[in-house]
Every structure is written in structure tokens, then in C-alpha cells.
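Descriptive structure summary
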Amino acid sequence: LLEALVKAQATLSQNMSDEATNAGSIHLSGVQVALGWNRPDFAEKLLNSDSATKDEKALGSILMHALAWNLYDFTELLLAHGASIPMVAANMILLYGSGNNVDHLKRYVRYHLGGLHHSEVNLNDKATIDKMIDRLSGSQHNFHSNVSNESDSYFELMVWAALSLSPEIAELMWSNTQEPIKGALFILMILRKLEKSKKVIVTNHEKETIEFMRKRFEQLAIDIMDLLHQNSEKTLREKALKVVARLDDMSYIDMAYVCQAKDFVAHPACQELQDKRWKRGLTSEVGFFTTVLVFLCPLLVMSPLVTFNRSLINKGATCGFKVKWTRQFKAFCTSPSVKFWMEVAMYLLFIVYQSYVILTKVGREGDNCTLNTQKVILLVWFGMLLIDEFIQAVNLGHFSVWFNVIWNKIDAVMYMINIMGLILVHIPAKSEVLFSN
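Just so it is clear, the model here is predicted, and its values are computed rather than measured. (Residues numbered from 1 in each chain as written. Predicted model: local features only at pLDDT ≥ 70, side-chain atom pairs only at ≥ 80, totals over all residues. Heavy atoms only, no water.)

A few words now on the environment of phenylalanine 212. Relative to the helices and strands, phenylalanine 212 is located in helix 13 (residues 204–229). Among the residues examined, phenylalanine 212 registers a relative accessible area of 49% and is labelled partly exposed. Sequence-wise, phenylalanine 212 and proline 167 are 45 residues apart; in three dimensions their C-alpha atoms are separated by 8.2 Å. (Helix = DSSP H or I, 4+ residues; strand = E, 2+ residues; numbered from the N terminus. Buried < 20%, exposed > 50% of the residue type's maximum accessible area, 1.4 Å probe, protein only.)

Right, dumping it as C-alpha cells:
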């Protein structure tokens, strides 16, 4: 029956144009008929015939229908025979509005972008789609704006397939992108944001598909890292680290943190890079007591207690003692491990000082409203801690991201208790036993 329909289509084409111009179009019309019947085997036979033409734009038009109907086999077949990907990407806005699985995208636009009624949401509007992708990925990741080459086109189609919850097609497009690690992590970022958005992912099928895609694309990113890292040669290991550390608004590890790709972060290449970032200029990790000792006696930075990497030592080999000490002390102070231990020391010192002020300067002077030097130092110190937390929240992009971390929640409770205490302790009380204390 299918062959009869193709022959009928061919006969109609012959009646409408001469044989020289329609020899190839007969086969393309047959591919269209096979697409309607979901018969990729029949379409492959037509495309592999000797008289078949390779009209990229015509194949691209057929590919648009295959993508809209989520037909993976046809998509793979048409890509293998040279369908025009840039043409499809240029008209990709039509895919967002004509896809089979777009109800969750309409819910996202309705509840998070415009407050429209479900029937009023228009996914054929480029401004709406651009805004949605910006919101899901973060405004700094404007990847979808450039489709100037084939690699960008594959990336755009990968994003569309991921948002349409079509895992097979998304992976097919991902396999053709120029930067597969970035592509996999980008998908994880938008899927996580989509999953966390209220009233968007509501059906069990949508939840299961997102969970499957998150596990799959994290594993794909890990597989790429394995290929780069499996060789023990130093050049390839450094290449793997360079790939992970490559910045494009965010490093790959930073992207993995945002989308909670913990297995990717646990990869040896990522851990090796994190170890270098953690020490930064030091060859061995510095402990708490070493850090405190060096800050109490800065000359100890020149002692065997602290060892620096070879490049820093060679740079200061011909310098005088003062210049060499300055460079090493600066490198010591800017190392994240040292910053961490100094922050621990400052928190401990703050707790001890706060306890001292409360026990000796509050409630025993007869007037708690009196400010003295000790109280002013405590208030300034506390204000600096608040500013530090505020800067952390700003750097993360949104307060909700900061508050999602359990340790920051504990910090928030601590700061609220301190603020309440600072207010209550300065409220005059008539009785001898001060309730505020």
C-alpha cells in the first residue's frame, strides 16, 4: 500500500513537471509519505537509491516534521543524508509551538513569565522563548542567540529537545555539538531549574523523563571526562584539566555545582583541578595551626612550614629577601585553604570575644544602653559578618540559591538570634533581673 502511494505521488509529480526536474523530487515525496506512515526503513531505501537527490533544504523541511513528531529514527536518517541543520535551527521557533510535548513549557510561561491563561500562551513567539531559556539557564548564558554555524545549530536543537523532554533526540543533537561537556551540563542546568519551578512538572511521566535525562547526561559528561583523563600522560591530563577549567561565564565545575552534578564533580580530573584551586601556589595543604602561626609571625612563611610551587620559587630566586618574602606572603594569604582556616579562626575569635563582652559588659554596669569600646567593636565585627554573607548571596545570583544551603540556614538563624539579642539587651528593664539578658 505504501509503495502504491509513493508511485501515485510520483505519477502526479510527472504530470506536473518534466522528467529532468522531478527525478529526485519523486524520492523526496516518497520520503514524506514514509514519514507520515513512520516507516524509516522505506525512506532509507528511497534515499539510498541511485536516482535520489541530496537537496539539503528539502531534507531539512522533512526533518522539521520528524522533530515535531518526535521520530528519532527518521531524525537520525535525515541527518545522515545531509539535511540542512542551520535551516532547521533558523526556523526552530516553529518547533516550540508545534511539538507534541509542550504542555509543561506552556505551564512555565504561564506561571513564571507572564501570568497568562494556558490557552493564551504562544510558544511561537521568539521573545517568549528567548526569555524562557534565559530564565532557565541564567541571564549570563545567552547561548541560544547565535546560530551562525552548524555547531551552534546542533546546540540550539539540543536545547529544544531537552526542553521538549525528548531524551533520544537531545542526545543525538548533543553528540554533534562542538563542546559536549558544556552541552551536557547546560542541559542539566535547565532541567534542574525546570524541575524546581512550581506548577510546571506535574505528571509522573514528566518527572520520570527529567530524572532519566539528568542521570543520562551527567553520565555522558563523565564519559567524555574519562576519555580525556584515562591516559596517564601529563599532556593529556593537563588537557583534561584545561577543558574542565575553561571559562564561559562559568567554569564547567561551577556549572556542575549549580545543577548538582555531584558525580561529575567527583571525577578525578575535577578533583585534581579543585585540589590545585584549593592550594593555589602551595604544594601541600596548610592546616589550622600553621595558618595561625604564620599570621602571628609572618616571617614563618619563609620556613619549611610552608612549601610553594616551583614556578613561584623560581620567580623569586634572584630577588632580594624582602621581595621574595612579599611574594610568598601574598601567595600564602590568597590561597583558598588559608582563607578558609583564617575564617575559622576569626569565627572562633568572634565567639570568644562575644562571650567575653556579654559576661563582663552587659547587665553589670547598671545601664545596658551605654555603648563602650568593647560593644562598638562587637557591633562592627558583627556587621562585617553580615556584609560577608550578603556578598555571598549576591555572588550566587539570587538569595534563594544562598538560602538553599543548609549551613547558610544555620548562619541565618544565628544572625537573627544575635540581632534580637542586640535589640533586647538595650531595652531598659525596671526589675533587677533583666528579661532581655
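Inspection of the entire model under this criterion finds 14 aromatic pairs. Ring geometry for phenylalanine 155 against phenylalanine 186: centres 5.4 Å apart, planes inclined by 50 degrees, an arrangement best described as tilted. Of this pair, phenylalanine 155 sits in helix 10 (residues 150–163) while phenylalanine 186 is found in helix 12 (residues 180–196), placing the two residues 31 residues apart along the sequence. A relative accessible area of 9% places phenylalanine 155 in the buried class. Between phenylalanine 295 and phenylalanine 332, the ring centres sit 5.9 Å apart and the planes meet at 45 degrees, which makes this aromatic pair tilted. Residue phenylalanine 295 is found in helix 18 (residues 288–296), and its partner phenylalanine 332 is found in helix 20 (residues 321–334); the two are separated by 37 residues along the sequence. (Phe/Tyr/Trp six-rings, centres within 6.5 Å; stacked < 30°, edge-to-face > 60°.)

The next thing to look at is the packing of helix 5 (residues 72–80) against helix 11 (residues 167–174). In the contact formed by helix 5 and helix 11, the axes pass within 9 Å of each other and the chain directions differ by 20 degrees. Considering the angle they form, helix 5 stands roughly parallel to helix 11. Between helix 5 and helix 11 the crossing geometry is right-handed. Residues Tyr72, Thr75, Glu76 and Leu79 of helix 5 lie in contact with helix 11, whose contacting residues are Glu168, Ile169, Leu172 and Met173. (Axes fitted to C-alpha atoms, helices over the stretch in contact; angles between N-to-C directions. Parallel < 35°, antiparallel > 145°, perpendicular 65-115°, else oblique. Left-handed = near helix turned anticlockwise from the far one by under 90°. Contact = heavy atoms within 4.5 Å.)

This part is about a nonpolar patch on the surface. A contiguous nonpolar patch, built from Ile387, Phe390, Ile391 and Val394 and spanning about 410 Å² of accessible area, is present on the exposed surface. For isoleucine 387, the position within the fold is in helix 22 (residues 373–395). Accessibility expressed as a relative area gives 51% for isoleucine 387, which makes it exposed. (Patch = residues over 30% accessible without salt bridge, like charges linked within 9 Å, V, L, I, M, F, W, Y side chains within 5 Å. Areas by Shrake-Rupley, 256 points an atom, 1.4 Å probe, with all protein chains shown as cover. Salt bridge = Lys/Arg side-chain N within 4 Å of Asp/Glu carboxyl O.)

Our next topic: the confidence of the model for the protein chain. When pLDDT is averaged along the protein chain, the result is 79, and 77% of the positions lie at 70 or above. Per-element confidence in the protein chain ranges from a low mean pLDDT of 55 for helix 14 (residues 234–245) to a high of 94 for helix 11. Taken together, the stretch residues 140–147 has pLDDT below 50 and engages in 24 contacts with residues farther than four places along the chain or on a different chain. (pLDDT = per-residue confidence, 0-100.)

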